[in-house]
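Report on the structure
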Amino acid sequence: MQDYSIFNAGHVVLQSGITFRDAQLAYKTYGRLDAAKSNVILYMTSFSAHHYDVDWLIGPGKALDTERYFVIVPNLFGNGLSSSPSNAVEPFNGTRWPNFTIADNVAVQRRLLDELGIETLQLACGWSMGGIQAYHWAALYPAMVKRLAVLCGAAKTSPHNLVFLEGVRATLTADAAFQNGTFVARPERGLRAMGRSYAAMAMSQTFYREELWRRAGFSSLEDYLVMSWEANFLRRDANNLLAHLWTWQHANIAANDIYRGDFHAALQAITANALIMPSETDLYFQVEDNRLEVEQMRNARLLPIPSVWGHRAGLPTANVEDAAFITEAFTQLLAQ
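Residues numbered from 1 in each chain as written. Predicted model: local features only at pLDDT ≥ 70, side-chain atom pairs only at ≥ 80, totals over all residues. Heavy atoms only, no water.

Details of the layout of surface pockets
In this structure, the largest pocket occupies an estimated 540 Å³ of space. What lines the largest pocket is a set of 32 residues, and nearest its centre among them are Trp127, Trp229, Asn232, Arg312 and Leu315. With seven residues, helix α6 (residues 221-234) is the single largest residue contributor to the lining of the largest pocket. Looking at the lining of the largest pocket, its residues break down into 20 nonpolar, eight polar and four charged. (1 Å grid on protein atoms, 1.4 Å probe; cavity = no way out; pocket = protein on both sides within 12 Å on 5 of 7 lines; lining within 4 Å. Points joined across faces, edges and corners; volume = space filled by probe spheres on them. Helix = DSSP H or I, 4+ residues; strand = E, 2+ residues; numbered from the N terminus. Nonpolar A, V, L, I, M, F, W, Y, C, P; charged D, E, K, R; others polar.)

Pasting the structure below:
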């Protein structure tokens, strides 16, 4: 049974100039909206993820406390629930998918909030690509966003991050099912290979040296690679993954008509009380990138997560220490 709602955004003119017709934004809400509509938290999804993949922070007594806040989780276009290559109709299925930028996603999310009568966000937050979206919210709609929390994300995709994603794309598209710019069949070999390639960058060297995958219940390194990383991508649609790779690679809070490429101006425009939380061992969203961003922001604090779980420190489903650290930081931010 479908556990989410659909916002029909109608005709959406993308940054590319292409009009996407009948755009469908899938979203899930948690908690109750107060009478003043002032208790809203917007929590964005990450690469290939659905709302239920990132909901560990949400619930009574948790960091995003549903006894106090109304939490909205919009699903990123291209993830299979919102409009995506996997559910698109002619002419946007196959090779003609018109890529959505992060700014395109945020613009439709803003329309959803307008539809709900919401004018203020207590917090915009997310992990990885969710954090990228939160950064965009704070730069594009600064008057709406009171607080910003970014877990293992950035205001723009760094050159090294882009190269990492190029490697992931090349691994996936080496499968014979990739023909003329699209997948014509399920690329099982490509998806398995993508999982193994991704695993090397997503977790730290220390994570593997200390065999921390055992804490998540895996019996061997091979068991971990097959049952965690291969399994994760085997349940995704390959054309959706390509769409998200494109969106990620082109992320930049200044790539719009407001800031026209002026990254410093975009960072300076953020007025939210911002908490930027990279992982100390993230291999592609590095602490140094976030430090340079925070230096240019008005009201931001850099709080690295002291973790050896690499990028996954920001999604600590099997790591109670990192979960506690993040929960405490979010709780303190929301109390300010």
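Points about the packing of aromatic side chains
By the definition in use, this model includes 24 aromatic pairs. For the pair Phe164 and Trp248, a centre-to-centre distance of 6.4 Å together with 75° between the ring planes defines the contact as edge-to-face. One end of the pair, Phe164, is in helix α3 (residues 159-173); the other, Trp248, is in helix α7 (residues 238-249), and 84 residues separate them in sequence. For the pair formed by Phe164 and Trp248, the shared burial category is buried. With a centroid separation of 5.2 Å and 90° between ring planes, the pair formed by Phe207 and Tyr208 is classed as edge-to-face. It is Arg110 that lies over the ring of Tyr141; its NZ or CZ is 4.8 Å from the centre. Sitting over the face of the ring of Phe263, Lys156 holds its NZ or CZ atom 4.3 Å from the ring centroid. (Phe/Tyr/Trp six-rings, centres within 6.5 Å; stacked < 30°, edge-to-face > 60°. Buried < 20%, exposed > 50% of the residue type's maximum accessible area, 1.4 Å probe, protein only. Lys NZ or Arg CZ within 6 Å of the ring centre and 35° of its normal.)

Some words on the nonpolar core
Grouped together as the largest cluster of nonpolar side chains are 120 residues, with contacts concentrated most on Leu64, Trp137, Leu148, Tyr198 and Phe330. Broken down by element, the residue count for this core peaks at eight residues, all from helix α2 (residues 129-140). Excluding residues within four positions of it along the chain, Trp137 makes contact with Leu42, Met44, Val106, Gln109, Arg110, Leu113, Leu121, Ala124, Pro142, Met144 and Val145. (Core = buried A, V, L, I, M, F, W, Y, C linked by side-chain atoms within 4.5 Å. Contact = heavy atoms within 4.5 Å.)

A look at the pairing of strand β11 (residues 273-277)
With respect to burial, β11 is a largely interior element, five of its five residues being buried. Neither face of β11 is left uncovered, since the one carrying Asn273, Leu275 and Met277 and the one carrying Ala274 and Ile276 both have all their residues buried. Relative to β11, strand β8 (residues 147-151) runs parallel, the two sharing five bridges. Counted as the bridge partner of Leu151 is Met277 from β11. With three bridges connecting them, β11 and strand β12 (residues 300-302) associate as parallel partners. Residue Ile276 lies in a different strand from β12, and its bridge partner there is Leu302. For the crossover that starts at β11, traverses helix α9 (residues 287-295) and ends in the parallel β12, the hand is right-handed. (Pairing = 2+ DSSP bridges. Right-handed = clockwise from strand over helix to strand, strands pointing away.)

Topic: the pattern of salt bridges
Under the definition given, this model contains 13 salt bridges. Glu295 serves as the salt-bridge partner of Arg291, at 2.3 Å between the closest nitrogen and oxygen. Placement of both Arg291 and Glu295 in helix α9 is noted, with a separation of four residues, approximately one turn of the helix. Connected via shared salt-bridge partners are Arg186, Glu188, Arg192, Arg196, Glu222 and Glu230. (Salt bridge = Lys/Arg side-chain N within 4 Å of Asp/Glu carboxyl O.)

A look at the sheet that holds strand β7 (residues 123-127)
A sheet is described by the order of its strands in space; here eight strands give the open sequence β1-β2-β6-β3-β7-β8-β11-β12, paired in mixed fashion. Since the sheet does not close on itself, it has two edges, and those belong to β1 (5-13) and β12, each with one partner. Between one strand axis and the next, the sheet turns through 20° on average, direction left out of account. Along the sheet face, α2 touches β3 (40-44), β7, β8 and β11 and points at about 155° away from the line of β7. Lying on the sheet, α9 is in contact with β11 and β12; it crosses β12 at an angle near 155°. (Axes fitted to C-alpha atoms, helices over the stretch in contact; angles between N-to-C directions.)

Overview of the packing of helix α4 (residues 188-202) against α6
The interhelical angle for the contact between α4 and α6, taken along N-to-C directions, is 120°, at an axis separation of 8 Å. Relative to α6, the crossing made by α4 is right-handed. Contacts from Glu188, Leu191, Arg192, Met194, Gly195, Arg196, Tyr198, Ala199 and Ala202 in α4 reach Glu222, Leu225, Val226, Trp229, Glu230, Phe233 and Leu234 in α6. Looking at the contact of α4 with α6 residue by residue, the class counts come to 10 nonpolar, one polar and five charged. (Left-handed = near helix turned anticlockwise from the far one by under 90°.)

Some words on the side chain of Asn79
Among the structural elements, Asn79 can be located in the loop between β6 (70-74) and α1 (102-116). A distance of 2.9 Å separates a polar atom in the side chain of Asn79 from the backbone oxygen of Ala49. Among the polar contacts listed, one links the side chain of Asn79 to the backbone nitrogen of Ser82, at a separation of 3.2 Å. In this structure, Asn79 is in contact with Thr45, Ser48, Ala49, His50, Ser84, Asn240 and His244, ignoring residues within four places of it in sequence. (Polar contact = N/O pair within 3.5 Å; in protein donor to acceptor, adjacent residues only side chain to side chain.)

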